[in-house]
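# Architecture and fold: a report
Residue strings, one per chain:
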Amino acid sequence: MLLGHTSYYFNSIWKQLDPFDPLFPSWGQFMLRYAGYLCAPGFLMMAGAMVWWSYSRRVAKGATDWNARWHFIQRGLILVLIQMIWVNSSWGGFKAFQPWHLGIIASIGISMIFLTLIIKTRWYVRLIAAIALLLIHPFLLKIGYSDDIAWQEALMQTFVDAGDFNKYPVMPWLALAILGSVMANGWLKLWKTDRMRIGMSLGIAATAFLLAIFIRLQGGFGNIAPAADFMSYSFLIDQKYPPSLFMNLWFFGMVVTGVTLFIIIGKISPKLLKVFSIPGKVPMFFYAVHLAILGVFTRIFPEFYRNGDVSTAFIGLAGMLIIMLPLCKWFYGVKLRSKNYFIQMI
Amino acid sequence: MKFFRIIGMFLLAAHMMASISGCSSRTGQPLENADNTIIYPPKNADDISANIILCRKISKTSGKPIGAGTTFEIRDKENLRALIQLQNREKQTKDLWFHVDWIGPNGKSFFLKSTILHAADSASDLNSSVSISPELRQPGEYRIKLYLFRELIAEKIFTLIPDNGIDENEVKASIILCRKIDKETGLPVEIDSSFRIRKKGKMNAIIDLTNLNPDEDDRELKFRLEWSDDEGNAFFKKKVDFIPTDTIAQLTSSISITPEKREAGVYWFRIYQSNKVLAERRFELYH
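Keep in mind it's a predicted model, so treat the numbers as computed, not measured. (Residues numbered from 1 in each chain as written. Chains lettered and ligands numbered in written order. Predicted model: local features only at pLDDT ≥ 70, side-chain atom pairs only at ≥ 80, totals over all residues. Heavy atoms only, no water.)

### Details of the overall build of chain A
- Helices and strands together make up the secondary structure of chain A, namely 15 helices and zero strands.
- The C-alpha atoms of chain A give a radius of gyration of 20 Å, which matches the 20 Å a tight globule of 346 residues would have.
- Principal axes of the C-alpha set define a box for chain A whose edges measure 55 × 55 × 50 Å.
- For chain A, with 346 residues in total, the buried portion stands at 53%. (Helix = DSSP H or I, 4+ residues; strand = E, 2+ residues; numbered from the N terminus. Rg over C-alpha atoms; globule rule 2.2 N^0.38 Å. Buried < 20%, exposed > 50% of the residue type's maximum accessible area, 1.4 Å probe, protein only.)

Below is the structure:
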């Protein structure tokens, strides 16, 4: 995510790159953009896993069902608010207050609220719900609406389609959040050993990849854009905004594979995970602050805005890690000590 | 579970390898052809390659570009056209998805066109055009980029410069006034700018047209030849329409200059194209 965002601010390709219809002048630029595609599915699946795990723990510790759910409904609403009052404006370095559109953080928030409604159900019920959402979504994309009619745009783009109002409609991303909660059921409860977790996860990821490949190769339902050869740019990038069924299955597999890699790294060299765990403890803080820093920096120094190349994005990444890791560590300490409601919610 | 794990490991490894190495269908080294198109050659020699020609017009009959180049003047209500010639089109068996992206001097895309060439379609050319009117374009260095299945396969740099007011494609005309035209040679006889009014008197105008463009869409050229007095009152008009077959052509027009029809004084002969005076010549009649 951070690499994707340093690319967004420092890489000159963004002068011409249309995120809805991306084109690539080189392999490096393709990989840089493609790497960022993992973030949103990762966010949603981890949010779903967190909701399920945290709900289970709260109930186990004696919280009532409603109290446990209410906590996540509040968190979801706060995420929507953070999107509107902070994240939207931070993209432009707070040049203008732009509350009236949604984005990934709002989508996570709304997905958390919906997931909370079914969090108590068994894993296979949630799995069926997620599959149903993924299968129905391509049909709903055919609903016609006008961008000029505010309520139609807001309704469709909050839930189904992507556009200026919201690039992350809830429906496909909620499906991934639900799938995250299902996977958490396996990772944290059903599968008792790391060997089992790794084996089952790889099997599930492989199944998802095979399904995705089948859907992409047959070229009909579940696809949005045409594809050239297997594993070509156009094969891998069908459509992100909103994601096609192929993209959702593919990145579900990628996220599960990524989590499996973390489990393996945790077994081989647990110290390596410490670097990732720092921002992982305060993800919302990391997201909100790094965007604000990048937005404000490029506003103050416009000569750096979209003037570099692939290497500049990596230099930006290194710089931001130097800034953000100590900041995250500090805020985590603040969060542990603080009893403030809002700090606890971030 | 062991089966799942083995399959999973295999797929994961294959996926990582393919993601890292196999995505691009083009070689890393671009080439510039004689036509100044920067080409990203395909790894497979049978894959699509493309040449980009930029021009002001494309002949509807021959399909040939007219006014091709890499430097163009910004002109009111004019377009710049890209004729994209695809190589190895006949070797392709599936639909091809192209994007043509026009990039301004600021590096931003100002027009993106997506086209699917269906396998059944035998067309081996793509067209795209953009306005180069002064209200839309600034002088500077521009680019046109061609993508196949989201991958850059060719690009061309071109320059837009301010309008110098000279239209290189404009038809040019020159007028000769004479007493008569030799029937055998077709040459003017008694070239002058003043002519005597007399019985059975006649005078002629010979108009030499140059810079005609016979390739230009079989376009019919329309001219108006006009004889008028010094106050602009036309007493004889003649319309001439023709399709040029060469870059030059000659028109003629004659009037009677008898005492019954003309008075002594100053007169004008003008040739118009689309109400624009291409050329004019002043002459006098006397008794």
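### Section: the packing of aromatic side chains
Residues and elements named next belong to chain A.
- In total, this model carries 44 aromatic pairs over all chains according to the counting rule given.
- Aromatic side chains Phe10 and Phe297 sit 6.1 Å apart centroid to centroid with 80° between the ring planes, which places their arrangement in the edge-to-face category. A residue pair is termed long-range when its members are at least 10 positions apart, and Phe10 in helix 1 (residues 2–10) and Phe297 in helix 13 (residues 283–300) qualify at 287 residues.
- A relative accessible area of 9% places Phe10 in the buried class.
- Residue classification places Phe297 among the partly exposed residues on the basis of a relative accessible area of 33%.
- Among the aromatic side chains, those forming a connected cluster through ring pairs are Phe24, Phe30, Tyr34, Tyr37, Tyr233 and Phe251.
- For Arg216, the ring lying beneath its charged end belongs to Phe246, and the centroid distance is 5.3 Å.
- Note that Arg306 overlies the ring of Tyr8, its terminal NZ or CZ placed 4.4 Å from the centroid. (Phe/Tyr/Trp six-rings, centres within 6.5 Å; stacked < 30°, edge-to-face > 60°. Lys NZ or Arg CZ within 6 Å of the ring centre and 35° of its normal.)

### What to know about the state of the cysteines
Residues and elements named next belong to chain A.
- Scanning the entire structure with this criterion turns up zero disulfides over all chains.
- Among the cysteines around Cys328, which has no disulfide bond, Cys39 carries the closest sulfur, lying 15 Å off.
- We classify Cys328 as buried; its relative accessible area is 0%. (Disulfide = S-S within 2.5 Å.)

### Brief notes about the sheet that holds strand 7 (residues 79–87) of chain B
Residue and element names in this part refer to chain B.
- With antiparallel pairing, three strands are arranged side by side in an open sheet as 3-7-10. The outermost strands of the open sheet, each flanked by one partner alone, are strand 3 (49–55) and strand 10 (125–131). Strand-to-strand, the axes of this sheet are offset by a mean angle of 20°, without reference to chain direction.
- Pairing geometry for strand 3 and strand 7, over seven bridges, is antiparallel. (Pairing = 2+ DSSP bridges. Axes fitted to C-alpha atoms, helices over the stretch in contact; angles between N-to-C directions.)

### Overview of the packing of helix 5 (residues 104–118) of chain A against helix 8 (residues 170–190) of chain A
All names here are of chain A.
- Viewed as axis vectors pointing N to C, helix 5 and helix 8 meet at an angle of 55°, and their least axial separation amounts to 9 Å. Classified by the angle between their axes, helix 5 and helix 8 sit oblique to one another. Pair helix 5 / helix 8 crosses with right-handed handedness. Residues Ser107, Ile110, Ser111, Phe114, Leu115 and Ile118 of helix 5 lie in contact with helix 8, whose contacting residues are Val170, Trp173, Leu174, Ala177, Ile178 and Ser181.
- Residues belonging to the contact of helix 5 with helix 8 are distributed by class as follows: nine nonpolar, three polar and no charged. (Parallel < 35°, antiparallel > 145°, perpendicular 65-115°, else oblique. Left-handed = near helix turned anticlockwise from the far one by under 90°. Contact = heavy atoms within 4.5 Å. Nonpolar A, V, L, I, M, F, W, Y, C, P; charged D, E, K, R; others polar.)

### Things to note about the nonpolar core
- If you look at the biggest cluster of nonpolar residues, it comprises 97 residues, and the most contacted ones within it are Tyr34(A) and Trp250(A).
- Ranked by the residues each element gives to this core, the list is headed by helix 8 of chain A, at 13 residues.
- Aside from chain neighbours lying at most four places away, what touches Tyr34(A) is Leu236(A), Ile237(A), Trp250(A), Phe251(A) and Met254(A).
- Judged by nonpolar contacts, the second largest core, of 29 residues, contains Ile48(B), Leu80(B), Ile132(B) and Phe149(B). (Core = buried A, V, L, I, M, F, W, Y, C linked by side-chain atoms within 4.5 Å.)

### So, the domain arrangement of chain B
- The domains assigned to chain B are domain 1 (24–161) and domain 2 (172–286).
- A C-alpha centroid distance of 44 Å is found between domain 1 of chain B and domain 2 of chain B. (Domains from an automatic or database assignment.)

### Topic: the environment of Phe235(A)
Residue and element names in this part refer to chain A.
- Relative to the elements of secondary structure, Phe235 occurs in helix 10 (residues 233–236).
- Spatially, the C-alpha atom of Phe235 lies 27 Å from that of Gly144, the residues being 91 residues apart in sequence.
- For Phe235, the residues in contact, after removing those within four places along its chain, are Ile213, Arg216, Leu217, Ala227, Asp229, Phe230 and Phe246.

### Quick word on unusual backbone geometry
- Residue Pro242(A) follows Tyr241(A) across a cis peptide bond; omega there is -10°.
- Secondary-structure assignment places Pro242(A) in the loop between helix 10 and helix 11 (245–268).
- Positive phi, normally seen in glycine, also occurs at Lys77(B), with a value near 60°.
- Inspection of the secondary structure puts Lys77(B) in the loop between strand 6 (71–73) and strand 7.
- Non-glycine residue Glu190(B) carries a positive phi angle of around 60°.
- Tracing the sequence through the fold places Glu190(B) in strand 14 (residues 188–191).

### Regarding the sheet that holds strand 19 (residues 249–256) of chain B
All names here are of chain B.
- Overall, antiparallel pairing links the four strands, which are arranged 14-13-16-19 in an open sheet. Each of the sheet's edge strands pairs with one partner strand only, and the pair in question is strand 14 and strand 19. Adjacent strand axes in the sheet meet at a mean angle of 45° when their direction is disregarded.

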